[in-house]
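Breakdown of the fold
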Amino acid sequence: MTSSVPNAPVVELAGITKTFARGDITALDHIDLALHAGEFVSLIGPSGCGKSTLLRIVGDLVEPTSGTVTVNGKSARQARADGDYGIVFQDAVLFDWRTVSKNIALPLELLGWDRERRRERVERMLELVELGGFADHHPWQLSGGMQQRVAIARAFAFEPTLLLMDEPFGALDEMTRDRLNLELLSIWRELRSTVVFVTHSISEAVFLSTRVVVMSPRPGRIAGVVEIDLPALRTVETREDPRFFALVTQVRELLRTRGEHLLPEEEHALMEGSG
Amino acid sequence: MSARGAGRRLREWIPAVVVFVAAVGLWEGLTVALDVQQFLLPRPTSIVSSFWTDRHSLWPAGWYTFKEALGGFALGSVLGVLVASAVARFRRVGSALLPLAVAANAVPVIAFAPIFNAWFNPLSPHSKMAIAGVLCFTPVLVNTLRGLQSASPRQIELMRSYAASDFEIWRRVRVPTALPYVFTALKVASVLAMIGAVVGEYFGGALTALGVIIRSDAQIFQFDTAWAAILVASLLGLTLYGSVAAVERVVVRWSPELRSADR
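Here the structure is a predicted model, which is why all the values come from computation and not from measurement.

Brief notes about the pairing of strand 1 (residues 11-20) of chain A
All names here are of chain A. The pairing of strand 1 with strand 2 (residues 25-35) spans 7 bridges and is antiparallel. Of the residues in strand 2, the one forming a bridge with V11 is L35. With 5 bridges connecting them, strand 1 and strand 4 (residues 66-71) associate as antiparallel partners. Note that in strand 4 the partner of A14 across the bridge is T68.

Regarding helix 6 (residues 174-191) of chain A
Compared with an ideal rise of 1.5 Å per residue, which puts 18 residues at 26 Å, helix 6 of chain A spans 25 Å between its outermost C-alpha atoms and is within 8% of the ideal. Where helix 6 of chain A ends, the next residue or the one after it, R192 of chain A, has phi of about 55°, a positive value.

With respect to unusual backbone geometry
All names here are of chain A. Between R218 and the following residue, P219, the backbone shows a cis peptide bond with an omega angle of -10°. Mapped onto the secondary structure, P219 falls in the loop between strand 9 (211-216) and strand 10 (221-227). One non-glycine residue, N72, lies in the positive phi region at around 50°. For N72, the position within the fold is in the loop between strand 4 and strand 5 (74-75). Judged by the 23 C-beta atoms lying within 10 Å of it, N72 is buried. The backbone of E167 sits at a positive phi, close to 45°, despite the residue not being glycine. Locating E167 in the fold gives a position in the loop between strand 7 (162-166) and helix 6.

With respect to the sheet that holds strand 9 of chain A
The strands making up a sheet associate through hydrogen bonds between their backbones, and the pairing can be parallel or antiparallel. All names here are of chain A. Taken together, the 6 strands give an open sheet; going across it, the order is 6-7-8-3-9-10, and neighbouring strands pair in mixed fashion. Only two strands of the sheet have a single neighbouring strand rather than two, namely strand 6 (85-88) and strand 10. The mean inter-strand angle of the sheet, taken between neighbouring strand axes irrespective of direction, is 20°. Bridging between strand 7 and strand 8 (residues 194-199) involves 5 bridges; their strand directions are parallel. By the bridge assignment for strand 8, M165 is matched with F197. This element, helix 1 (residues 51-58), spans strand 3 (40-44), strand 7, strand 8 and strand 9 of the sheet and lies at about 155° to strand 8.

Quick notes on the pairing of strand 9 of chain A
Residue and element names in this part refer to chain A. Within strand 9, 5 of the 6 residues are buried, leaving the element largely enclosed by the surrounding structure. Pairing of strand 3 with strand 9, which is carried by 4 bridges, proceeds in the parallel orientation. Note that in strand 9 the partner of I44 across the bridge is V214. Bridge analysis of strand 9 against strand 10 gives 6 bridges, and the strand direction is antiparallel. What sits directly across from V214, in strand 10, is G224.

Here we look at the interface of chain A and chain B
At the interface, 18 residues of chain A touch 14 residues of chain B. At the level of secondary structure, the elements contributing two or more residues to the side of chain A that touches chain B comprise helix 2 (76-81), strand 6 and helix 3 (100-110) of chain A. Residues that form the side of chain A that touches chain B fall into these classes: 11 nonpolar, 4 polar and 3 charged.

Cut-off values and rules
- The numbering scheme is per chain: residues are counted from 1 as the chain's sequence reads.
- Lettering of chains starts at A and numbering of ligands starts at 1, both following the order in which they are written.
- pLDDT decides what is reported in this predicted model: residues at 70 or higher carry local features, side-chain atom pairs at 80 or more are listed and counted, and totals for whole chains, interfaces and linings draw on all residues regardless.
- Criterion used throughout: strands pair if DSSP finds at least two bridges between them.
- Each helix is a run of DSSP H or I of at least 4 residues and each strand a run of E of at least 2, with the numbering of both proceeding from the N terminus.
- Expected span of a helix: the number of residues minus one, times 1.5 Å.
- Here the C-beta atoms are placed from the backbone, and a residue counts as buried if at least 20 other C-beta atoms lie within 10 Å of its own, exposed if 12 or fewer do, and partly exposed otherwise.
- Lines fitted to C-alpha atoms define the axes, with helix axes restricted to the stretch in contact, and inter-axis angles between N-to-C directions lie between 0 and 180 degrees.
- C-beta atoms are placed from the backbone for every residue, and two residues are taken to be in contact when these atoms lie within 7 Å.
- In this classification, the charged set is Asp, Glu, Lys and Arg, the nonpolar set is Ala, Val, Leu, Ile, Met, Phe, Trp, Tyr, Cys and Pro, and all remaining amino acids, among them Gly, are polar.

Next up, the structure:
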(Lines give C-alpha, C1' and ligand atoms only; values in the text may rest on other atoms or scores of the structure.)
Protein backbone atom coordinates (compact mmCIF):
# COMPACT_ATOMS: atom_id res chain seq x y z
CA MET A 1 0.00 0.00 0.00
CA THR A 2 3.07 2.26 -0.06
CA SER A 3 3.79 4.76 -2.75
CA SER A 4 5.71 3.66 -5.82
CA VAL A 5 8.12 6.58 -5.60
CA PRO A 6 10.74 5.97 -2.88
CA ASN A 7 10.90 8.62 -0.18
CA ALA A 8 7.86 10.38 -1.55
CA PRO A 9 5.82 11.82 1.31
CA VAL A 10 2.88 9.79 2.63
CA VAL A 11 0.92 13.00 3.04
CA GLU A 12 1.54 16.22 1.19
CA LEU A 13 -0.52 19.31 1.98
CA ALA A 14 -0.12 22.27 -0.35
CA GLY A 15 -1.76 25.62 0.30
CA ILE A 16 -4.61 24.20 2.36
CA THR A 17 -7.12 26.91 3.21
CA LYS A 18 -10.45 26.36 4.86
CA THR A 19 -13.03 29.07 5.38
CA PHE A 20 -16.41 28.47 6.90
CA ALA A 21 -19.24 30.13 5.06
CA ARG A 22 -20.92 31.61 8.10
CA GLY A 23 -19.20 34.89 9.06
CA ASP A 24 -16.34 33.95 6.69
CA ILE A 25 -14.10 32.58 9.41
CA THR A 26 -10.74 31.41 8.15
CA ALA A 27 -10.07 28.19 10.01
CA LEU A 28 -6.89 27.35 8.11
CA ASP A 29 -4.71 29.68 6.10
CA HIS A 30 -2.32 28.26 3.47
CA ILE A 31 -1.01 25.22 5.28
CA ASP A 32 1.94 23.43 3.66
CA LEU A 33 3.12 20.25 5.30
CA ALA A 34 4.67 16.95 4.24
CA LEU A 35 4.70 13.75 6.29
CA HIS A 36 7.02 10.88 5.53
CA ALA A 37 6.54 7.17 6.06
CA GLY A 38 6.93 6.06 9.64
CA GLU A 39 6.71 9.55 11.10
CA PHE A 40 4.70 10.33 14.21
CA VAL A 41 3.60 13.93 13.85
CA SER A 42 1.62 15.81 16.48
CA LEU A 43 -0.49 18.87 15.76
CA ILE A 44 -0.73 21.10 18.80
CA GLY A 45 -2.33 24.46 19.38
CA PRO A 46 -5.13 26.24 21.22
CA SER A 47 -8.81 25.71 20.39
CA GLY A 48 -9.67 27.41 17.15
CA CYS A 49 -6.30 26.82 15.49
CA GLY A 50 -7.93 24.35 13.13
CA LYS A 51 -5.88 21.29 14.07
CA SER A 52 -8.89 18.96 14.12
CA THR A 53 -10.14 20.46 10.86
CA LEU A 54 -6.72 19.86 9.31
CA LEU A 55 -6.82 16.23 10.45
CA ARG A 56 -10.27 15.81 8.88
CA ILE A 57 -9.07 17.40 5.65
CA VAL A 58 -6.24 14.87 5.48
CA GLY A 59 -8.80 12.12 6.05
CA ASP A 60 -11.21 13.47 3.41
CA LEU A 61 -13.93 13.96 6.00
CA VAL A 62 -13.88 17.72 5.42
CA GLU A 63 -13.24 19.37 2.09
CA PRO A 64 -10.65 22.19 1.94
CA THR A 65 -11.75 25.50 0.42
CA SER A 66 -8.57 25.53 -1.62
CA GLY A 67 -5.28 23.65 -1.77
CA THR A 68 -4.49 20.03 -2.47
CA VAL A 69 -4.09 16.94 -0.33
CA THR A 70 -2.00 14.11 -1.69
CA VAL A 71 -1.91 10.80 0.20
CA ASN A 72 0.36 8.02 -1.05
CA GLY A 73 0.50 9.84 -4.37
CA LYS A 74 -3.31 9.86 -4.69
CA SER A 75 -6.11 12.26 -3.93
CA ALA A 76 -7.47 12.05 -0.38
CA ARG A 77 -10.76 10.72 -1.75
CA GLN A 78 -9.03 7.88 -3.55
CA ALA A 79 -6.94 7.14 -0.45
CA ARG A 80 -10.11 6.90 1.62
CA ALA A 81 -11.73 4.62 -0.93
CA ASP A 82 -8.60 2.44 -0.83
CA GLY A 83 -8.79 2.06 2.95
CA ASP A 84 -5.58 3.96 3.67
CA TYR A 85 -6.93 5.60 6.84
CA GLY A 86 -7.39 4.44 10.37
CA ILE A 87 -9.13 6.94 12.64
CA VAL A 88 -9.35 7.32 16.41
CA PHE A 89 -11.50 10.03 17.95
CA GLN A 90 -11.53 11.51 21.44
CA ASP A 91 -14.36 9.19 22.43
CA ALA A 92 -13.90 5.58 21.45
CA VAL A 93 -16.93 5.53 19.08
CA LEU A 94 -17.58 1.85 19.66
CA PHE A 95 -20.76 0.11 18.60
CA ASP A 96 -22.72 -1.05 21.63
CA TRP A 97 -24.39 -3.86 19.71
CA ARG A 98 -21.06 -5.43 18.82
CA THR A 99 -18.72 -7.28 21.13
CA VAL A 100 -15.13 -6.07 21.53
CA SER A 101 -13.84 -8.47 18.88
CA LYS A 102 -16.68 -7.62 16.48
CA ASN A 103 -15.89 -3.93 16.93
CA ILE A 104 -12.29 -4.53 15.96
CA ALA A 105 -13.43 -6.66 13.03
CA LEU A 106 -15.73 -3.96 11.61
CA PRO A 107 -13.25 -2.38 9.16
CA LEU A 108 -12.10 -5.87 8.17
CA GLU A 109 -15.70 -6.83 7.34
CA LEU A 110 -16.05 -3.71 5.23
CA LEU A 111 -12.85 -4.63 3.39
CA GLY A 112 -14.30 -8.05 2.65
CA TRP A 113 -11.85 -10.16 4.64
CA ASP A 114 -13.03 -13.73 5.16
CA ARG A 115 -13.99 -15.01 8.59
CA GLU A 116 -10.80 -16.93 9.30
CA ARG A 117 -8.52 -14.04 8.38
CA ARG A 118 -10.63 -11.67 10.50
CA ARG A 119 -10.45 -13.98 13.48
CA GLU A 120 -6.69 -14.26 13.33
CA ARG A 121 -6.15 -10.53 13.00
CA VAL A 122 -8.61 -9.66 15.79
CA GLU A 123 -6.85 -12.11 18.08
CA ARG A 124 -3.47 -10.52 17.34
CA MET A 125 -4.84 -7.00 17.89
CA LEU A 126 -6.46 -7.99 21.20
CA GLU A 127 -3.09 -9.30 22.32
CA LEU A 128 -1.37 -6.12 21.21
CA VAL A 129 -3.67 -3.90 23.29
CA GLU A 130 -3.71 -6.44 26.16
CA LEU A 131 -7.43 -7.14 26.05
CA GLY A 132 -7.16 -10.86 25.40
CA GLY A 133 -9.76 -11.79 28.02
CA PHE A 134 -12.34 -9.28 26.84
CA ALA A 135 -13.10 -10.45 23.30
CA ASP A 136 -16.74 -11.23 24.05
CA HIS A 137 -17.42 -8.28 26.33
CA HIS A 138 -19.58 -5.42 25.16
CA PRO A 139 -18.12 -1.89 25.10
CA TRP A 140 -20.23 -0.62 27.99
CA GLN A 141 -18.69 -3.26 30.23
CA LEU A 142 -15.23 -1.71 29.80
CA SER A 143 -13.55 1.29 31.42
CA GLY A 144 -12.83 4.41 29.38
CA GLY A 145 -9.19 3.46 28.93
CA MET A 146 -10.06 -0.05 27.77
CA GLN A 147 -12.62 1.33 25.32
CA GLN A 148 -9.98 3.58 23.82
CA ARG A 149 -7.66 0.59 23.48
CA VAL A 150 -10.36 -1.20 21.51
CA ALA A 151 -10.65 1.87 19.27
CA ILE A 152 -6.89 1.84 18.72
CA ALA A 153 -6.92 -1.88 17.95
CA ARG A 154 -9.71 -1.29 15.44
CA ALA A 155 -7.82 1.58 13.79
CA PHE A 156 -4.60 -0.43 13.42
CA ALA A 157 -6.31 -3.72 12.58
CA PHE A 158 -6.24 -3.43 8.81
CA GLU A 159 -2.75 -1.89 8.77
CA PRO A 160 -3.70 1.42 7.22
CA THR A 161 -0.75 3.42 5.96
CA LEU A 162 -1.97 6.48 7.81
CA LEU A 163 -3.35 6.75 11.34
CA LEU A 164 -5.35 9.87 12.16
CA MET A 165 -5.86 10.42 15.89
CA ASP A 166 -7.94 13.31 17.18
CA GLU A 167 -7.13 13.82 20.87
CA PRO A 168 -7.59 10.11 21.51
CA PHE A 169 -6.57 10.31 25.15
CA GLY A 170 -8.06 13.71 25.92
CA ALA A 171 -10.91 12.33 28.01
CA LEU A 172 -8.79 9.95 30.10
CA ASP A 173 -7.15 10.45 33.48
CA GLU A 174 -3.44 11.15 33.45
CA MET A 175 -2.24 7.75 34.63
CA THR A 176 -4.28 5.93 32.01
CA ARG A 177 -3.10 8.42 29.43
CA ASP A 178 0.58 7.83 30.25
CA ARG A 179 0.16 4.08 30.04
CA LEU A 180 -1.71 4.28 26.73
CA ASN A 181 0.98 6.59 25.34
CA LEU A 182 3.52 3.81 25.89
CA GLU A 183 1.21 1.19 24.44
CA LEU A 184 0.50 3.31 21.40
CA LEU A 185 4.22 3.76 20.76
CA SER A 186 4.90 0.05 20.95
CA ILE A 187 2.06 -0.71 18.49
CA TRP A 188 3.29 2.04 16.20
CA ARG A 189 6.84 0.65 16.30
CA GLU A 190 5.59 -2.83 15.53
CA LEU A 191 3.22 -1.92 12.69
CA ARG A 192 5.23 0.98 11.21
CA SER A 193 2.33 3.24 10.29
CA THR A 194 2.50 6.97 9.83
CA VAL A 195 0.58 8.79 12.56
CA VAL A 196 -0.99 12.24 12.69
CA PHE A 197 -1.87 12.99 16.29
CA VAL A 198 -3.91 15.98 17.46
CA THR A 199 -3.46 16.94 21.11
CA HIS A 200 -3.83 19.71 23.65
CA SER A 201 -1.00 18.44 25.80
CA ILE A 202 2.54 19.68 25.17
CA SER A 203 4.20 16.87 27.11
CA GLU A 204 2.15 14.22 25.33
CA ALA A 205 3.08 15.69 21.95
CA VAL A 206 6.80 15.77 22.79
CA PHE A 207 6.78 12.31 24.35
CA LEU A 208 5.09 10.58 21.42
CA SER A 209 6.28 12.38 18.33
CA THR A 210 9.13 12.48 15.92
CA ARG A 211 7.97 15.96 14.98
CA VAL A 212 5.63 18.47 16.63
CA VAL A 213 3.76 20.98 14.48
CA VAL A 214 2.76 24.02 16.54
CA MET A 215 -0.27 25.89 15.24
CA SER A 216 -1.59 29.36 16.01
CA PRO A 217 -5.23 30.40 15.85
CA ARG A 218 -7.39 32.88 13.90
CA PRO A 219 -6.51 32.15 11.19
CA GLY A 220 -5.02 28.69 11.70
CA ARG A 221 -1.38 28.72 10.66
CA ILE A 222 1.75 26.71 11.34
CA ALA A 223 3.66 28.70 13.93
CA GLY A 224 6.66 26.41 13.88
CA VAL A 225 7.86 22.82 13.69
CA VAL A 226 9.93 21.20 16.43
CA GLU A 227 12.00 18.13 15.55
CA ILE A 228 11.94 15.75 18.52
CA ASP A 229 15.45 14.32 18.71
CA LEU A 230 14.85 12.10 21.72
CA PRO A 231 15.98 8.45 21.49
CA ALA A 232 13.66 6.46 19.25
CA LEU A 233 12.72 4.09 22.07
CA ARG A 234 10.74 6.18 24.55
CA THR A 235 10.32 4.86 28.08
CA VAL A 236 9.02 6.08 31.40
CA GLU A 237 12.47 7.65 31.98
CA THR A 238 12.14 9.75 28.83
CA ARG A 239 9.85 12.07 30.74
CA GLU A 240 12.68 12.83 33.17
CA ASP A 241 15.29 13.44 30.46
CA PRO A 242 16.61 17.07 30.48
CA ARG A 243 16.31 17.05 26.69
CA PHE A 244 12.61 16.22 27.11
CA PHE A 245 12.14 19.31 29.27
CA ALA A 246 14.12 21.45 26.83
CA LEU A 247 11.82 20.35 23.99
CA VAL A 248 8.69 20.90 26.06
CA THR A 249 9.94 24.42 26.79
CA GLN A 250 10.68 24.99 23.12
CA VAL A 251 7.14 23.99 22.10
CA ARG A 252 5.66 26.06 24.91
CA GLU A 253 7.67 29.12 23.86
CA LEU A 254 6.47 28.71 20.29
CA LEU A 255 2.87 28.56 21.50
CA ARG A 256 3.45 31.66 23.64
CA THR A 257 5.21 33.89 21.16
CA ARG A 258 3.48 32.86 17.97
CA GLY A 259 0.05 32.21 19.40
CA GLU A 260 -0.36 35.80 20.60
CA HIS A 261 -4.08 35.65 19.82
CA LEU A 262 -4.55 33.19 22.66
CA LEU A 263 -7.35 33.95 25.06
CA PRO A 264 -6.20 33.79 28.68
CA GLU A 265 -8.24 30.67 29.47
CA GLU A 266 -6.86 28.88 26.42
CA GLU A 267 -3.33 29.65 27.51
CA HIS A 268 -4.21 28.37 30.94
CA ALA A 269 -5.64 25.18 29.47
CA LEU A 270 -2.48 24.62 27.45
CA MET A 271 -0.25 25.05 30.47
CA GLU A 272 -2.47 22.70 32.48
CA GLY A 273 -2.44 20.15 29.71
CA SER A 274 1.33 20.16 29.57
CA GLY A 275 1.64 19.34 33.27
CA MET B 1 -28.88 -15.56 30.61
CA SER B 2 -27.62 -17.77 33.41
CA ALA B 3 -29.82 -19.83 35.73
CA ARG B 4 -28.78 -17.51 38.53
CA GLY B 5 -29.92 -14.52 36.49
CA ALA B 6 -33.28 -16.22 35.94
CA GLY B 7 -33.59 -16.89 39.65
CA ARG B 8 -32.83 -13.27 40.43
CA ARG B 9 -35.40 -12.06 37.93
CA LEU B 10 -37.98 -14.41 39.48
CA ARG B 11 -37.21 -13.01 42.89
CA GLU B 12 -37.72 -9.50 41.56
CA TRP B 13 -41.27 -10.49 40.67
CA ILE B 14 -42.21 -11.63 44.17
CA PRO B 15 -43.28 -8.19 45.52
CA ALA B 16 -45.56 -7.64 42.50
CA VAL B 17 -47.18 -11.06 42.96
CA VAL B 18 -47.72 -10.40 46.66
CA VAL B 19 -49.38 -7.05 45.96
CA PHE B 20 -51.57 -8.61 43.26
CA VAL B 21 -52.75 -11.45 45.49
CA ALA B 22 -53.39 -9.03 48.36
CA ALA B 23 -55.40 -6.69 46.13
CA VAL B 24 -57.57 -9.51 44.78
CA GLY B 25 -58.05 -10.84 48.31
CA LEU B 26 -59.08 -7.40 49.51
CA TRP B 27 -61.48 -7.07 46.58
CA GLU B 28 -63.06 -10.44 47.40
CA GLY B 29 -63.25 -9.66 51.13
CA LEU B 30 -64.75 -6.21 50.69
CA THR B 31 -67.38 -7.28 48.14
CA VAL B 32 -68.50 -10.00 50.58
CA ALA B 33 -68.29 -7.88 53.73
CA LEU B 34 -70.06 -4.86 52.23
CA ASP B 35 -72.48 -7.02 50.25
CA VAL B 36 -71.71 -5.19 47.00
CA GLN B 37 -74.24 -5.78 44.21
CA GLN B 38 -73.08 -8.10 41.41
CA PHE B 39 -73.67 -5.49 38.70
CA LEU B 40 -71.54 -2.89 40.47
CA LEU B 41 -68.58 -5.13 41.12
CA PRO B 42 -68.68 -8.92 40.93
CA ARG B 43 -66.43 -10.92 43.22
CA PRO B 44 -63.16 -12.21 41.79
CA THR B 45 -64.27 -15.78 42.52
CA SER B 46 -67.46 -15.41 40.49
CA ILE B 47 -65.49 -13.83 37.63
CA VAL B 48 -63.07 -16.75 37.63
CA SER B 49 -65.88 -19.29 37.85
CA SER B 50 -67.66 -17.75 34.87
CA PHE B 51 -64.27 -17.60 33.09
CA TRP B 52 -64.34 -21.40 33.43
CA THR B 53 -68.05 -22.24 32.94
CA ASP B 54 -68.37 -20.00 29.87
CA ARG B 55 -65.07 -21.17 28.43
CA HIS B 56 -66.76 -22.61 25.32
CA SER B 57 -67.95 -19.18 24.26
CA LEU B 58 -65.36 -16.89 25.88
CA TRP B 59 -62.11 -18.58 24.87
CA PRO B 60 -62.92 -18.93 21.16
CA ALA B 61 -64.21 -15.32 21.25
CA GLY B 62 -60.90 -14.30 22.77
CA TRP B 63 -58.99 -16.11 20.05
CA TYR B 64 -61.18 -14.45 17.38
CA THR B 65 -60.48 -10.97 18.75
CA PHE B 66 -56.83 -11.77 19.37
CA LYS B 67 -56.42 -12.64 15.69
CA GLU B 68 -57.91 -9.26 14.77
CA ALA B 69 -55.51 -7.51 17.13
CA LEU B 70 -52.59 -9.54 15.82
CA GLY B 71 -53.47 -8.75 12.22
CA GLY B 72 -53.78 -5.05 12.98
CA PHE B 73 -50.55 -5.11 14.99
CA ALA B 74 -48.64 -6.75 12.16
CA LEU B 75 -50.14 -4.51 9.51
CA GLY B 76 -49.66 -1.23 11.40
CA SER B 77 -46.17 -2.07 12.63
CA VAL B 78 -44.83 -3.26 9.28
CA LEU B 79 -46.28 -0.21 7.53
CA GLY B 80 -44.94 2.09 10.25
CA VAL B 81 -41.41 0.68 9.93
CA LEU B 82 -41.55 0.76 6.12
CA VAL B 83 -42.81 4.33 5.90
CA ALA B 84 -40.28 5.46 8.52
CA SER B 85 -37.43 3.83 6.56
CA ALA B 86 -38.57 5.47 3.34
CA VAL B 87 -38.94 8.85 5.00
CA ALA B 88 -35.56 8.58 6.75
CA ARG B 89 -33.84 8.13 3.40
CA PHE B 90 -34.92 11.62 2.41
CA ARG B 91 -34.01 14.06 5.13
CA ARG B 92 -36.16 16.88 3.85
CA VAL B 93 -39.30 14.74 3.67
CA GLY B 94 -38.46 13.55 7.17
CA SER B 95 -38.26 17.01 8.72
CA ALA B 96 -41.54 17.93 7.02
CA LEU B 97 -43.29 14.75 8.09
CA LEU B 98 -42.09 14.19 11.65
CA PRO B 99 -44.13 17.04 13.23
CA LEU B 100 -47.20 15.82 11.34
CA ALA B 101 -46.65 12.28 12.53
CA VAL B 102 -46.25 13.48 16.11
CA ALA B 103 -49.52 15.44 15.74
CA ALA B 104 -51.25 12.40 14.22
CA ASN B 105 -50.03 10.41 17.18
CA ALA B 106 -52.03 12.72 19.47
CA VAL B 107 -55.27 12.29 17.49
CA PRO B 108 -57.68 9.93 19.30
CA VAL B 109 -57.76 7.49 16.40
CA ILE B 110 -60.15 5.21 18.27
CA ALA B 111 -62.85 7.85 17.66
CA PHE B 112 -62.81 6.74 14.03
CA ALA B 113 -63.91 3.21 14.98
CA PRO B 114 -67.56 3.61 13.87
CA ILE B 115 -66.38 5.08 10.59
CA PHE B 116 -64.05 2.17 9.93
CA ASN B 117 -66.97 -0.13 10.62
CA ALA B 118 -68.88 1.73 7.92
CA TRP B 119 -65.97 1.63 5.47
CA PHE B 120 -65.35 -2.07 5.85
CA ASN B 121 -67.96 -4.69 6.62
CA PRO B 122 -68.72 -4.17 10.34
CA LEU B 123 -69.24 -7.93 10.81
CA SER B 124 -65.93 -8.91 9.24
CA PRO B 125 -62.71 -8.93 11.25
CA HIS B 126 -61.12 -6.65 8.66
CA SER B 127 -62.70 -3.50 10.04
CA LYS B 128 -61.23 -4.26 13.49
CA MET B 129 -57.83 -5.04 11.99
CA ALA B 130 -57.96 -1.68 10.25
CA ILE B 131 -58.71 0.13 13.53
CA ALA B 132 -55.97 -1.76 15.39
CA GLY B 133 -53.60 -1.19 12.48
CA VAL B 134 -54.15 2.57 12.38
CA LEU B 135 -53.68 2.73 16.15
CA CYS B 136 -50.36 0.89 15.89
CA PHE B 137 -49.10 2.75 12.83
CA THR B 138 -48.34 6.20 14.19
CA PRO B 139 -46.34 5.32 17.32
CA VAL B 140 -44.28 2.82 15.34
CA LEU B 141 -43.70 5.37 12.56
CA VAL B 142 -42.70 8.17 14.92
CA ASN B 143 -40.38 6.06 17.07
CA THR B 144 -38.72 4.24 14.19
CA LEU B 145 -38.10 7.52 12.41
CA ARG B 146 -36.62 9.02 15.55
CA GLY B 147 -34.45 5.95 15.98
CA LEU B 148 -33.21 6.03 12.40
CA GLN B 149 -32.34 9.70 12.81
CA SER B 150 -30.46 9.35 16.08
CA ALA B 151 -27.39 7.53 14.81
CA SER B 152 -24.25 9.09 16.26
CA PRO B 153 -22.54 11.51 13.81
CA ARG B 154 -19.15 10.20 15.01
CA GLN B 155 -20.07 6.64 14.16
CA ILE B 156 -21.14 7.76 10.71
CA GLU B 157 -17.90 9.73 10.27
CA LEU B 158 -15.95 6.64 11.27
CA MET B 159 -17.84 4.55 8.71
CA ARG B 160 -17.11 7.20 6.06
CA SER B 161 -13.41 7.02 6.86
CA TYR B 162 -13.67 3.33 5.92
CA ALA B 163 -15.31 4.39 2.64
CA ALA B 164 -18.50 2.57 3.68
CA SER B 165 -21.45 3.04 1.32
CA ASP B 166 -24.72 4.64 2.44
CA PHE B 167 -26.26 1.19 2.48
CA GLU B 168 -23.52 -0.18 4.74
CA ILE B 169 -24.00 2.80 7.09
CA TRP B 170 -27.73 2.19 7.10
CA ARG B 171 -27.34 -1.51 7.77
CA ARG B 172 -24.54 -1.37 10.33
CA VAL B 173 -25.25 1.91 12.15
CA ARG B 174 -28.72 3.35 11.56
CA VAL B 175 -30.74 0.14 11.88
CA PRO B 176 -29.03 -1.13 15.06
CA THR B 177 -29.37 2.34 16.60
CA ALA B 178 -33.07 2.39 15.75
CA LEU B 179 -33.89 -1.10 17.08
CA PRO B 180 -34.40 -0.14 20.76
CA TYR B 181 -36.73 2.67 19.62
CA VAL B 182 -38.65 0.22 17.42
CA PHE B 183 -39.14 -2.21 20.26
CA THR B 184 -40.36 0.53 22.58
CA ALA B 185 -42.93 1.39 19.93
CA LEU B 186 -43.89 -2.25 19.35
CA LYS B 187 -44.63 -2.72 23.03
CA VAL B 188 -46.91 0.31 22.98
CA ALA B 189 -48.48 -0.93 19.75
CA SER B 190 -49.13 -4.41 21.17
CA VAL B 191 -51.31 -2.86 23.88
CA LEU B 192 -53.03 -0.50 21.44
CA ALA B 193 -53.82 -3.36 19.05
CA MET B 194 -55.87 -5.22 21.65
CA ILE B 195 -57.64 -2.00 22.69
CA GLY B 196 -58.43 -1.23 19.04
CA ALA B 197 -59.87 -4.66 18.36
CA VAL B 198 -62.08 -4.78 21.48
CA VAL B 199 -63.32 -1.19 21.25
CA GLY B 200 -63.94 -1.65 17.52
CA GLU B 201 -66.21 -4.54 18.38
CA TYR B 202 -68.21 -2.38 20.80
CA PHE B 203 -69.51 -0.59 17.73
CA GLY B 204 -70.65 -3.79 16.10
CA GLY B 205 -69.07 -7.06 15.11
CA ALA B 206 -69.54 -10.79 14.81
CA LEU B 207 -71.47 -12.42 17.68
CA THR B 208 -68.43 -14.55 18.38
CA ALA B 209 -66.23 -11.52 19.15
CA LEU B 210 -65.06 -10.63 22.64
CA GLY B 211 -66.08 -6.95 22.47
CA VAL B 212 -69.57 -7.89 21.33
CA ILE B 213 -69.90 -10.36 24.22
CA ILE B 214 -68.71 -7.79 26.76
CA ARG B 215 -71.20 -5.22 25.51
CA SER B 216 -74.23 -7.52 25.23
CA ASP B 217 -73.60 -9.23 28.57
CA ALA B 218 -73.28 -5.87 30.27
CA GLN B 219 -76.59 -4.83 28.74
CA ILE B 220 -78.39 -7.89 30.12
CA PHE B 221 -76.71 -7.53 33.55
CA GLN B 222 -74.50 -10.59 33.07
CA PHE B 223 -71.70 -8.69 34.71
CA ASP B 224 -69.71 -11.69 35.85
CA THR B 225 -69.54 -12.94 32.25
CA ALA B 226 -68.63 -9.45 31.00
CA TRP B 227 -65.86 -9.28 33.58
CA ALA B 228 -64.68 -12.75 32.65
CA ALA B 229 -64.51 -11.62 29.02
CA ILE B 230 -62.47 -8.59 30.11
CA LEU B 231 -60.19 -11.01 31.97
CA VAL B 232 -59.73 -12.97 28.72
CA ALA B 233 -58.91 -9.75 26.86
CA SER B 234 -56.41 -8.74 29.54
CA LEU B 235 -54.66 -12.10 29.50
CA LEU B 236 -54.36 -12.00 25.72
CA GLY B 237 -53.10 -8.42 25.81
CA LEU B 238 -50.47 -9.41 28.36
CA THR B 239 -49.46 -12.36 26.20
CA LEU B 240 -48.91 -10.16 23.16
CA TYR B 241 -46.98 -7.57 25.16
CA GLY B 242 -44.92 -10.26 26.86
CA SER B 243 -44.04 -11.89 23.54
CA VAL B 244 -42.81 -8.58 22.12
CA ALA B 245 -40.81 -7.92 25.29
CA ALA B 246 -39.28 -11.42 25.10
CA VAL B 247 -38.19 -10.89 21.50
CA GLU B 248 -36.79 -7.51 22.49
CA ARG B 249 -34.72 -9.09 25.23
CA VAL B 250 -33.11 -11.40 22.70
CA VAL B 251 -32.62 -8.92 19.85
CA VAL B 252 -31.42 -5.81 21.68
CA ARG B 253 -29.95 -7.18 24.88
CA TRP B 254 -27.18 -4.56 24.48
CA SER B 255 -29.58 -1.62 24.77
CA PRO B 256 -29.09 0.60 27.84
CA GLU B 257 -32.50 -0.38 29.24
CA LEU B 258 -31.80 -4.09 29.23
CA ARG B 259 -28.07 -4.44 29.72
CA SER B 260 -28.07 -4.39 33.53
CA ALA B 261 -29.97 -7.67 33.63
CA ASP B 262 -27.25 -9.47 31.69
CA ARG B 263 -24.15 -8.10 33.27
